[in-house]
Amino acid sequence: MPLTPFSRPVLAALASLTLAAPGAAAAQWTTSDDESAWGMDVSLILEGIYYNELSHGNDSPAGFDDGHDHGHGNGDDHGLDDGFNLGHSELGFQARLGDLLDATVIIEFDDQDIEVDEAYLTTRALPGGLQLKAGKFLSDIGYINNRHPHEWDFVNRPLVNEYLFGDHGLLEKGVQATWLAPTATYTQLGVELLQGETSGIANYEGSQSSLNDQDRILRDRSGPRLVTAFAKIGPDLGPDHAAQFGVSGGYARSYQVTDEHSTRFEDWDGSAWFAGLDAVYKYSAGRAYGHGDWRLQGEYFYREIDVDRRDVNFEADGNGPVGFVRNEQSFKNQQDGIYVQGVYGFAPRWEAGLRAEALGLSNDVGRGDGESFGTSYRHTAQVTFRPVEPVFLRAQLSQNDFVDDHGDRDRGLEFLLQLNVALGAHGAHRF
Amino acid sequence: MSYRKTRVRMPRALAALASLVLLGLLLLPSQAAAGLNIVATTSTLGALAREIGGDETEVRVLAPPDRDAHDLDARPSFMAALRRADMLLEIGAGLEEGWLPAAQRGARNRAINSGQPGHFRAADMIELRRSITMDGPNMGHVHEEGNPHFNTDPLRLADIALALAERMGDLRPDHAATFMERAERTAERLRDHAKALAAQVAPDQRIVVYHEDLDYLEEWLPVDIVGYLEPAPGIPPTARHLRSLVSDLEGTEGTVLYAAFQPARGAEFLERNLGWTSHAVPLDPPADSSLDGYLELMTTWAETLPRQ
């Protein structure tokens, strides 16, 4: 496989680090206790969702049709049927290779599909505060992106994460290198070299067969096609307060879309980049069962897609024969989104939360003559009850206030009831 | 037009720069290895480490002593502290399992990985009491190895102090003899103080506690635990459970003890219905304590009970 020019130096660095690791392992300490060498932890997360669409609004926010997967039901919240649904259930395995590597596999399933959500290795023994991760994993950009649904404060994914990245967020195969600075203030820097398959930022089609000797503009492009970088800072604010601030960005050297119209294929080929900010603050009241605790979090992301467009007829029409080329243009889509949310423990074992979201504060789509769409909003409220620590029951009310392509707004109201149970190994409380 | 060369050049330069920076960081000298930098999960372990390590160590405690050490997040500040640590002291036996593994992984510091000499797990050094969670219904929080709340047992802490000094000596052989001397003195003071306090308390005391976190008082004080405010570990007191406690204990005398961070309602119910006294007590000494802080805490526990 020909390596792409920009990946070579990074791969060389990663390879040298990996080779250095076994040498460092020579000084292995032998333990007397009966810590098992295999030490596999298994956890099972089961989720059920009751969904009720109280009133139907616009299906999707204007300006975000392309590159977004519409493989779901009838435009409602992510393929949820009115009534009972099996949500995002997970089977997780974690095992250690001595103190050198951690291996993590997370299988996600519902009543129809089983898929490998994540499968990766993480180093634990590299010197100098370095860590490598390789496999299929959720990118560490932003805050919520690397979290699984059972770790969220709301039933569904924030709009900005779903529409700028994808239905699973930024989930990719690749390698990641991170470094934790030896400073009193938590400072983490990371880069990721990813295959580039996520629909929102690195959609990939590959070469398409020519039509009547007329080549298409879409070409095969070997991976890795997406590179990301991030920094996270977490000051030490004492026992009651904790915060983390992040900045992240990425560049996809390939962003391809093909869309089938009645007589022609519409092809886009180009690149995309994104940048964002994230912040989280937690207050711990020091009372039992989370009573009086606060969590505030917010993220903003901006995405720019820069593509060439060229349509080719697959059927003769009024414009020309098969292979006829038209609509050749270069354009940019500049779009963004933000969410802010807060959760408060109003009683022992009870939490309530509010989330406000805006998608397309800037929503310029350059296709055709170019258009600036309006901003879509969503407002969500939830109440969560944890009868015992591994179980929660959450009721959520969401109001969609989406604008459509013609600038018309329509509001939809949804009610969700979520039951989530974690069995087996104790899931770690990540910050 | 196909693929634009100018767009590729910038990330290539960035990628090259990033890899150079990463390689450069590898060659950074590790920080000066003068004192032993110890991070302890709880202030009880921190107190032992301070007493044994003296001026040869720097000790940082992660869990605030007035919080439930089960329920913490793997905070960024914890990872920053662990990143620079030469040694991690944990209670073990599942007490910190909800957050410490994530903090340890996030710290990217091999010295404190499980299995390394810099990782000291106190539960491995002693025999644990059985935990109720081992026998009761699985409510999602099972301490398979035993009850991890031995921070309330000075006798076990004395053994842990000796094991800790040995381990610290492995890491800093120059000071091994000093560490062991201080540990022996620490163990002696813990045992003596426990004996003295036990002699002050009236015999055959009956106590009700909130969680199984004061069980180890039975090991060194003349007390007998006759009930728990929680129906099962981790489950808050229910009205029905409290009523059945009252009917079981009606007509007897005793004391209710609970941790300062636990809700007082159940204890107050027993106080009203049984006429027992109740006390909220700290479970760990203040974060910056050395041994004296822990000895004072032992006195606080003993003084909640009627005197001889």
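What you see is a predicted model; the values in this text were computed from it and never measured.

Description of the overall build of chain A
Check the secondary structure of chain A and you find 3 helices and 19 strands. Residues classed as buried in chain A amount to 38% of the 431 residues present.

Some thoughts on the domain arrangement of chain B
Interfaces are often described in size by the accessible area the parts lose on coming together. All names here are of chain B. The domain boundaries assigned to chain B delineate domain 1 (36–195) and domain 2 (202–303). For domain 1 versus domain 2, the separation of C-alpha centres amounts to 24 Å. Each partner contributes to the interface: domain 1 provides 33 residues, whereas domain 2 provides 27 residues. For the side of domain 1 that touches domain 2, a count of residues per class yields 11 nonpolar, 14 polar and 8 charged.

What about unusual backbone geometry?
Residue and element names in this part refer to chain A. For the peptide bond that leads from G223 to P224, omega is 0°, which places it in the cis range. If you trace the backbone, P224 turns up in the loop between α3 (199–202) and β9 (226–234). In this structure, Y289 takes a positive phi of about 55° despite not being glycine. Checked against the element boundaries, Y289 lands in the loop between β12 (264–283) and β13 (294–313). Residue classification places Y289 among the partly exposed residues on the basis of 19 C-beta atoms within 10 Å.

Brief notes about the sheet that holds strand β8 (residues 277–281) of chain B
All names here are of chain B. The strand order across the open sheet built from 4 strands is β6-β5-β7-β8, with neighbouring strands paired in parallel fashion. A single partner strand is all that each edge strand has here, and the edge strands are β6 (223–228) and β8. Averaged over all pairs of adjacent strands, the angle between strand axes in this sheet comes to 30°, irrespective of strand direction. Bridge count between strand β5 (residues 205–209) and strand β7 (residues 255–259): 3 bridges; the pairing is parallel. Across the sheet, V208 pairs through a bridge with V256, a residue of β7.

Quick notes on the environment of R156 of chain B
Residue and element names in this part refer to chain B. Tracing the sequence through the fold places R156 in helix α6 (residues 154–171). In the structure, R156 is positioned 94 residues away from E250 in sequence and 34 Å away in space, judged by C-alpha atoms. With near-sequence residues (within four places) excluded, R156 lies in contact with I126 and F150.

So, the nonpolar core
If you look at the biggest cluster of nonpolar residues, it comprises 89 residues, and the most contacted ones within it are L82, A161 and L164 of chain B. Two domains each donate at least three residues to this core, and these are domain 1 (36–195) and domain 2 (202–303) of chain B. A161 of chain B has contacts with L48, I52, A183, T186 and A187 of chain B, leaving out every residue within four places of it along the chain. Grouped together as the second largest cluster of nonpolar side chains are 31 residues, Y163, A177, V191 and L193 of chain A included.

Description of the pairing of strand β17 (residues 376–385) of chain A
All names here are of chain A. Because side chains alternate across β17, one face comprises the buried residues S376, R378, T380, Q382 and T384, and the other comprises Y377, H379, A381, V383 and F385, none of which is buried. Two strands pair when backbone bridges link them, and strand β15 (residues 350–365) and β17 are joined in this way by 10 bridges, in the antiparallel orientation. Bridge pairing in β17 links G353 to Q382. The pairing of β17 with strand β18 (residues 391–403) spans 9 bridges and is antiparallel. From the neighbouring strand, V383 faces β18, where its bridge partner is A395. Where β17 hands over to β18, the hairpin turn is made up of 5 residues, counted between the paired strands.

Looking at helix α7 (residues 176–200) of chain B
Residue and element names in this part refer to chain B. Counted at 1.5 Å a residue, the expected span for α7 with its 25 residues is 36 Å, and the 36 Å between its end C-alpha atoms agrees. Every buried residue of α7 is accounted for by F179, R182, A183, T186, A187, L190 and A194. Tucked into the core, α7 has its buried residues touching α2 (43–53), α6 and α10 (291–303).

Here we look at the packing of helix α8 (residues 239–249) of chain B against helix α9 (residues 265–274) of chain B
All names here are of chain B. Across the interface, α8 lies against α9 with an axial gap of 10 Å and an inter-helix angle of 35°. Between α8 and α9 the crossing geometry is right-handed. Residues L242, L245, V246 and L249 of α8 form the contact with α9, whose participating residues are G266, F269, L270, N273 and L274. The residue makeup of the contact of α8 with α9, split by class, is 7 nonpolar, 2 polar and no charged.

Side note on α2 of chain B
All names here are of chain B. Burial analysis of α2 places 11 of its 11 residues in the buried class, the great majority of the element. Regarding α2, the residues found buried are S43, T44, L45, G46, A47, L48, A49, R50, E51, I52 and G53. Looking at the buried positions of α2, the neighbouring elements they touch are β1 (36–40), β2 (57–61), β3 (87–90), α6, α7 and α10. Positive phi shows up at G54, right after α2, with a value of about 50°.

Focus: the sheet that holds β1 of chain B
All names here are of chain B. The 4 strands lie next to each other as β2-β1-β3-β4, forming an open sheet whose pairing is parallel. Both edges of this open sheet fall to β2 and β4 (119–121), since each of them pairs with a single strand only. Neighbouring strand axes in the sheet, compared pairwise and without regard to direction, differ in orientation by 20° on average. With 3 bridges connecting them, β3 and β4 associate as parallel partners. Counterpart to E90 in the pairing with β4 is R121. Most of the contacts of α2 go to β2, to which it runs at about 170°, and overall it touches β1, β2 and β3.

Focus: the environment of G286 of chain A
Of note, G286 of chain A is situated in the loop between β12 and β13. C-beta crowding within 10 Å serves as the criterion here: with 16 such atoms nearby, G286 of chain A is assigned to the partly exposed category. Each C-alpha atom of the pair G286 of chain A and A356 of chain A lies 28 Å from the other, and the pair is 70 residues apart in sequence. Not counting residues within four places of it along the chain, the set of residues in contact with G286 of chain A comprises D66, R67 and F261 of chain B.

How each quantity is defined
- Residues numbered from 1 in each chain as written.
- Chains lettered and ligands numbered in written order.
- Predicted model: local features only at pLDDT ≥ 70, side-chain atom pairs only at ≥ 80, totals over all residues.
- Helix = DSSP H or I, 4+ residues; strand = E, 2+ residues; numbered from the N terminus.
- Buried ≥ 20, exposed ≤ 12 C-beta atoms within 10 Å, placed from the backbone.
- Domains from an automatic or database assignment.
- Contact = placed C-beta atoms within 7 Å.
- Nonpolar A, V, L, I, M, F, W, Y, C, P; charged D, E, K, R; others polar.
- Pairing = 2+ DSSP bridges.
- Axes fitted to C-alpha atoms, helices over the stretch in contact; angles between N-to-C directions.
- Core = buried A, V, L, I, M, F, W, Y, C linked by C-beta atoms within 7 Å.
- Expected span 1.5 Å × (residues − 1).
- Left-handed = near helix turned anticlockwise from the far one by under 90°.

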